[in-house]
Amino acid sequence: MNDWDGPGERRVSLAEGAGGRAMRALIQEVFLQSGPPGPPGTLGADCMDDGAAIPVDGRWLIMTTDSHVVKPLFFPGGDIGRIAVSGTVNDLAMMGCTEPLGLTLGVVVEEGFSRELLERVQASIAETCREAGVAIVSGDTKVMGRGELDGLVLNTTGVGFAPRVVRDVGLAHGDLLLVTGTVGDHGLAVMAARGGLELGGELRSDVAPIGALVRRALDAGGEGLVAMKDPTRGGLASALHELAAKSGLGITLDERAVPVSTGARAASELLGIDPLHVANEGKAVMAVRPEAAERVLAALRSHPLGRDAAIIGRCTTEQPGRVIVDTGFGRRLLSEPEGEPMPRIC
């Protein structure tokens, strides 16, 4: 009998680790119920943001951590090592920290795992660190017995300073919502690779470190850039629902304005999955005051990773906490997924 076996025990489901309502409920009901508070003024785990913010001598120390699992480990456009670095520096960027001080790397590997594959993953980690302008400054390695782990798990923690914190609660009526590029590419690329779907090479993951892109937006928007969110697990739909719920506002999404690549659209139609519900690993959702929107949009489009950026919606006092999709022919509620359509994609 395992330690967790017992009559009437509630069990953790895959949905509770895949973004969306189920994961947030697990965090709130289990992990936020105890523990001492951080230093005075700290924005900690109870804020449910992309990281923590600790005031230090007039600046903010930003911290974030993430564990990474993906199957297959290598897929068109990326791999688990590239996700590990990009995911953490992108979470820091969502809080306003675009120049991290350093990352830690925890590696948990299964006995019998290929040394050649591990070296490929490490090479990708090193290359992505160079791209992001950051270094691995500390780490840890564990080896689990054969069959006790499915291959490889990576954990990364990042730290850095920000002059101001950009949270995900700063929306006001009339603010505009931007996305920095096409949505759904990462999750759909992983799904297609896992399922052996042949899509003519058009579909590739968007996984990339976007700190430099976010810095351009912050410089252009200034105080007019009021909120950011990383639309990873749960996709754009989950990110928009979080923004709406935390600010007590509704969001009207212009479906025709949401950028979707040709490959992602083809895969979503083939798989029957809405790209709005699929994870991204190189995108950001930003809320900006109306007067700053065109400046931020131009700054994003001036960067190679933001060339497909678009204004996709507006904050409204209608139906607080909900996201309304304007299809051009009518309006409908956008559902928030319980979890990712397929697990182990980031």
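Structure report, in brief. Treat the numbers as computed from the prediction; the structure is a model and nothing was measured.

### What about the packing of aromatic side chains?
This structure, assessed with the given rule, holds 0 aromatic pairs. Just above the ring of F161 sits the side chain of R59; from NZ or CZ to the centre is 3.8 Å. If you follow R120 out to its NZ or CZ, it ends over the ring of F74, 3.8 Å from the centre.

### Overview of the nonpolar core
Burial of nonpolar side chains together is a common tendency in soluble globular proteins. Membership of the largest hydrophobic core comes to 35 residues, with the highest contact counts inside it found for L177, L240 and L253. Among the elements that line this core, the one with the most residues is helix α6 (residues 235-247), at 6 residues. What L177 contacts, discounting residues up to four positions off in sequence, is L240, L243, I251, V285, M286, A287, A310, I311, I312, G313, R314 and C315. Formed by 24 residues, the second largest nonpolar core is a distinct cluster that contains L73, V109, L152 and A279.

### Notes on the layout of surface pockets
There is about 330 Å³ of room inside the second largest pocket. Lining the second largest pocket are 20 residues, with T182, D206, K283, L305 and R307 sitting closest to its centre. Within the lining of the second largest pocket, the residues separate by chemical class into 5 nonpolar, 7 polar and 8 charged.

### Topic: a nonpolar patch on the surface
A cluster of nonpolar side chains, namely L197, L270 and L271, defines an oily patch on the protein surface of about 240 Å² accessible area. Note that L197 resides in the loop between α4 (185-195) and α5 (211-221).

### Describing helix α2 (residues 80-94)
Residues spaced three or four apart along an α-helix face the same direction, because each turn holds 3.6 residues. With 15 residues, α2 should reach 21 Å at 1.5 Å per residue; the first-to-last C-alpha distance of 21 Å fits that figure. Burial of α2 is extensive: 15 of the 15 residues sit out of reach of the surface. Immediately beyond the C-terminal end of α2, within one or two residues, lies G96, with a positive phi of roughly 105°.

### Notes on helix α3 (residues 115-132)
Taking 1.5 Å of rise per residue, 18 residues should cover 26 Å, and α3 covers 26 Å from first to last C-alpha, within 8% of that figure. V121, S124, I125, T128 and C129 are the residues of α3 that are buried. Projected down its long axis, α3 shows its buried positions confined to an angular sector of 135°, all on one face. Of the residues in α3, the exposed ones pointing more than 90 degrees away from the buried face are R115, E116 and R130. Next to the buried residues of α3 lie β3 (74-75), β4 (78-79), α2, β5 (102-110), β6 (136-144) and β7 (152-162).

### Overview of the packing of α2 against α3
Two elements in contact, α2 and α3, have axes separated by 7 Å at closest approach and are oriented at 30°. Here α2 lies roughly parallel to α3, going by the angle between them. Where α2 crosses over α3, the two elements pack in a sense that is right-handed. Two secondary-structure elements touch here, α2 through I80, G81, R82, V85, S86 and V89 and α3 through V121, S124, I125, T128, C129, E131 and A132.

### What about unusual backbone geometry?
The step from K71 to P72 runs through a cis peptide bond, and the omega angle for that step is 5°. Within the secondary structure, P72 sits in the loop between β2 (59-68) and β3. A positive phi angle, near 50°, is found at D57, a position not held by glycine. Relative to the helices and strands, D57 resides in the loop between β1 (52-56) and β2. For D57, a relative accessible area of 79% gives the class exposed. Residue Q319 is not a glycine yet carries a positive backbone phi of 45°. Relative to the elements of secondary structure, Q319 occurs in the loop between β12 (310-316) and β13 (323-326). Here Q319 falls in the partly exposed class, since its relative accessible area comes to 37%.

### So, the sheet that holds β1
Across the sheet, which stays open at both edges, the 5 strands sit in the order β1-β2-β7-β5-β6 with mixed pairing between neighbours. Among the strands making up the open sheet, the edge pair consists of β1 and β6. Pairs of neighbouring strands in the sheet enclose a mean axial angle of 15°, with direction left out of account. With 9 bridges joining them, β2 and β7 adopt antiparallel strand pairing. Of the residues in β7, the one forming a bridge with I62 is G160.

Definitions and limits used
- Residues numbered from 1 in each chain as written.
- Predicted model: local features only at pLDDT ≥ 70, side-chain atom pairs only at ≥ 80, totals over all residues.
- Heavy atoms only, no water.
- Phe/Tyr/Trp six-rings, centres within 6.5 Å; stacked < 30°, edge-to-face > 60°.
- Lys NZ or Arg CZ within 6 Å of the ring centre and 35° of its normal.
- Core = buried A, V, L, I, M, F, W, Y, C linked by side-chain atoms within 4.5 Å.
- Buried < 20%, exposed > 50% of the residue type's maximum accessible area, 1.4 Å probe, protein only.
- Helix = DSSP H or I, 4+ residues; strand = E, 2+ residues; numbered from the N terminus.
- Contact = heavy atoms within 4.5 Å.
- 1 Å grid on protein atoms, 1.4 Å probe; cavity = no way out; pocket = protein on both sides within 12 Å on 5 of 7 lines; lining within 4 Å.
- Points joined across faces, edges and corners; volume = space filled by probe spheres on them.
- Nonpolar A, V, L, I, M, F, W, Y, C, P; charged D, E, K, R; others polar.
- Patch = residues over 30% accessible without salt bridge, like charges linked within 9 Å, V, L, I, M, F, W, Y side chains within 5 Å.
- Areas by Shrake-Rupley, 256 points an atom, 1.4 Å probe, with all protein chains shown as cover.
- Salt bridge = Lys/Arg side-chain N within 4 Å of Asp/Glu carboxyl O.
- Expected span 1.5 Å × (residues − 1).
- Arc of directions from axis to C-beta.
- Axes fitted to C-alpha atoms, helices over the stretch in contact; angles between N-to-C directions.
- Parallel < 35°, antiparallel > 145°, perpendicular 65-115°, else oblique.
- Left-handed = near helix turned anticlockwise from the far one by under 90°.
- Pairing = 2+ DSSP bridges.

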